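# Architecture and fold: a report
Here is what each chain is made of, one letter per residue.
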Amino acid sequence: MSIYARITGTGSALPPKRLTNADLVAQLAQDGVETSDDWIVERTGIRARHFAEDGVFSSDLGAEAARQALQAAGRRPEDVDLIIVATSTPDMVFPSTATIVQRKLGIAGCPAFDVQAVCTGFIYALSVADAMVRAGGVKCALVIGAEVFSRILDFKDRTTCVLFGDGAGAVVLEAGAAPGILATDIHADGKHLEVLCVPGHVSGGQVLGDPLLKMDGPAVFKLAVGVLEETARAVLAKAGRTEADIDWLIPHQANIRIMQGTARKLRLSMDKVVVTVDRHGNTSAASIPLALDHAVRAGQVQRGQTLLLEGVGGGFTWGSVLLVL
Ligand code: UT7
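Along each chain, the written sequence defines residue order, and numbers are assigned to residues from 1. Given that this is a predicted model, residues contribute local features only at a pLDDT of at least 70 and side-chain atom pairs are listed and counted only at 80 or more, while totals for whole chains, interfaces and linings are drawn from all residues. As a rule here, side-chain values come from all non-hydrogen atoms in the structure, and water together with hydrogens is ignored.

## Re the nonpolar core
One finds Leu 126, Val 143, Leu 173, Ile 250, Leu 307, Leu 309 and Leu 323 to be the most contacted residues of the largest nonpolar core, which totals 34 residues. Only heavy atoms matter for contacts: two residues are in contact if any of them lie within 4.5 Å across the pair. With sequence-adjacent residues up to four places away left out, Leu 309 is seen in contact with Phe 122, Ile 123, Leu 126, Ile 250, Ile 288, Gly 319, Ser 320, Val 321 and Leu 323. What we call a nonpolar core is a set of buried Ala, Val, Leu, Ile, Met, Phe, Trp, Tyr and Cys residues that are connected through their side-chain atoms within 4.5 Å. Note on exposure labels: buried denotes an accessible area under 20% of the residue type's maximum, exposed denotes more than 50%, and partly exposed covers the range between, all computed with a 1.4 Å probe on protein chains only.

Here you go:
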């Protein structure tokens, strides 16, 4: 009998500090950086984002999201036998943020590790967890996306600092006889790594190179629209499904125009697309599980429905997961 991995609970966390576009515009103006609510809304669909207070780390947001997901699944921390955290803003160089989350949840002994695939991180993490569950070794996994991108933003660069926010989302993934995750599809192409990166590194006790986010937005946009259609078609083909089977598209929340483009190519109405970019901005690896949890708790997305999750980001990385909730 086949083993499937199925999401049995979702959770999320947002830091309380919320900045509307007007708040951010006013803050940036103090440093002579010009932008406007109109530009941000028209080009991205973003209206607000959350920023973590000093001293709040990805592991804090990730642990909070995980607690909620465990509660929703009716599981306790001691039931967890795998923790994967997708993040590009880890608490430390090492150990992994996953081991810090593990400690904060009071869990000991199970494997815990991070996945680094920037905004595609949650899709990668879910694909790895799915494979480990189906291989038979894992019964109850926590898969988390957690980020504090505000820490790596250059607030002098208006082309990037208005786009991102902080947050976390988590799912409990359990082994069972019924699907579950139907198919996964993940990719990378390192030749595009310069289009979105934080080029700095730590050496000899110093940060060498630039430790702030750099992005060629139009180049990322162009790449994203192409690969998101490709991976959607690939994952549907692997599962023997078509666009008509999709109840909800839950894409990485970077830009409403990218989501509209993907929906158009898949002939999906925007009524079938979960959109949270307006409220959260781009939270990188956290954006998909955050959007999923918000849609579940709002009663928008229901058990038994077919969801297409899609991510794209630095690396260049991209991928998708097709699942029955
Ligand atoms: O999470 C990983 C994936 N990331 C993404 O998917 C991001 C993909 N890229 C994008 O979403 C878009 O490319 C952006 C939102 C980043 C930029 O939108 P765009 O429509 O591609 O604008 P652009 O970069 O071509 O800039 C258009 C104009 C430029 O002025 P000129 O050269 O036409 O005079 C920019 O300088 O808008 C200007 N601009 C701004 N103006 C006001 C750029 N940023 C701002 C700003 N406020 N914040």
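This is not the end of the story, as more comes after the structure.
## Some details on the site of the ligand
For the ligand, the set of nearby residues contains 23 residues, the closest of which are Thr 35, Arg 43, Cys 119, Asn 255 and Asn 282. As used in this structure description, the phrase polar contact means that two N or O atoms lie within 3.5 Å; if the pair is within protein, one of them must be able to donate a hydrogen and the other to accept it, and residues adjacent in sequence are counted only when both atoms belong to side chains. In the model, an oxygen atom of the ligand is placed 2.9 Å from a nitrogen or oxygen of the Arg 257 side chain. Accessible surface is estimated by sampling points in the Shrake-Rupley manner with a 1.4 Å probe; for residues, cover comes only from the protein chains shown. Within the complex, 73% of the 960 Å² of free accessible area of the ligand lies under protein. For helices the rule is a DSSP run of H or I covering at least 4 residues; for strands it is a run of E covering at least 2, with both sets numbered from the N terminus onward. Looking at the shell around the ligand, the elements with two or more residues in it are α2 (37-44), α6 (158-161), α7 (217-239), α8 (256-265) and β14 (306-313). Broken down by element, the residue count for the shell around the ligand peaks at four residues, all from α7. Taken together, the residues of the shell around the ligand break down into twelve nonpolar, eight polar and three charged. When we say a residue is near a molecule or strand, we mean one of its heavy atoms is within 4 Å of it. Each residue gets one of three labels, nonpolar for Ala, Val, Leu, Ile, Met, Phe, Trp, Tyr, Cys and Pro, charged for Asp, Glu, Lys and Arg, and polar for the others, Gly among them.

## Remarks on the pattern of salt bridges
Here a salt bridge means any side-chain nitrogen of Lys or Arg lying within 4 Å of a carboxyl oxygen belonging to Asp or Glu. Inspection of every chain in the model, using the stated rule, returns 15 salt bridges. Measuring nitrogen to oxygen at the nearest pair gives 2.8 Å for the salt bridge that ties Asp 60 to Lys 104. With a gap of 44 residues between them, Asp 60 in helix α3 (residues 58-73) and Lys 104 in helix α4 (residues 97-105) connect regions that are remote in the sequence. Residue Lys 104 is classed as partly exposed on the basis of its relative accessible area of 35%. The shortest N-O distance in the salt bridge between Lys 238 and Asp 185 comes to 3.1 Å. Taken together, the residues Lys 238 in helix α7 and Asp 185 in strand β8 (residues 181-188) connect sequence positions 53 residues apart. Relative accessible area serves as the criterion here: at 51%, Lys 238 is assigned to the exposed category. Judged by relative accessible area, Asp 185 falls into the buried class, the value being 4%. Through salt bridges with shared partners, a single ionic network connects Glu 229, Arg 233, Glu 243, Lys 265 and Arg 267.

## Quick word on the side chain of Thr 97
Topologically, Thr 97 is positioned in helix α4. The residues touching Thr 97, leaving out its near neighbours within four places in the chain, are Ser 58, Ser 59, Val 85, Thr 87, Pro 90, Asp 91 and Asp 114.

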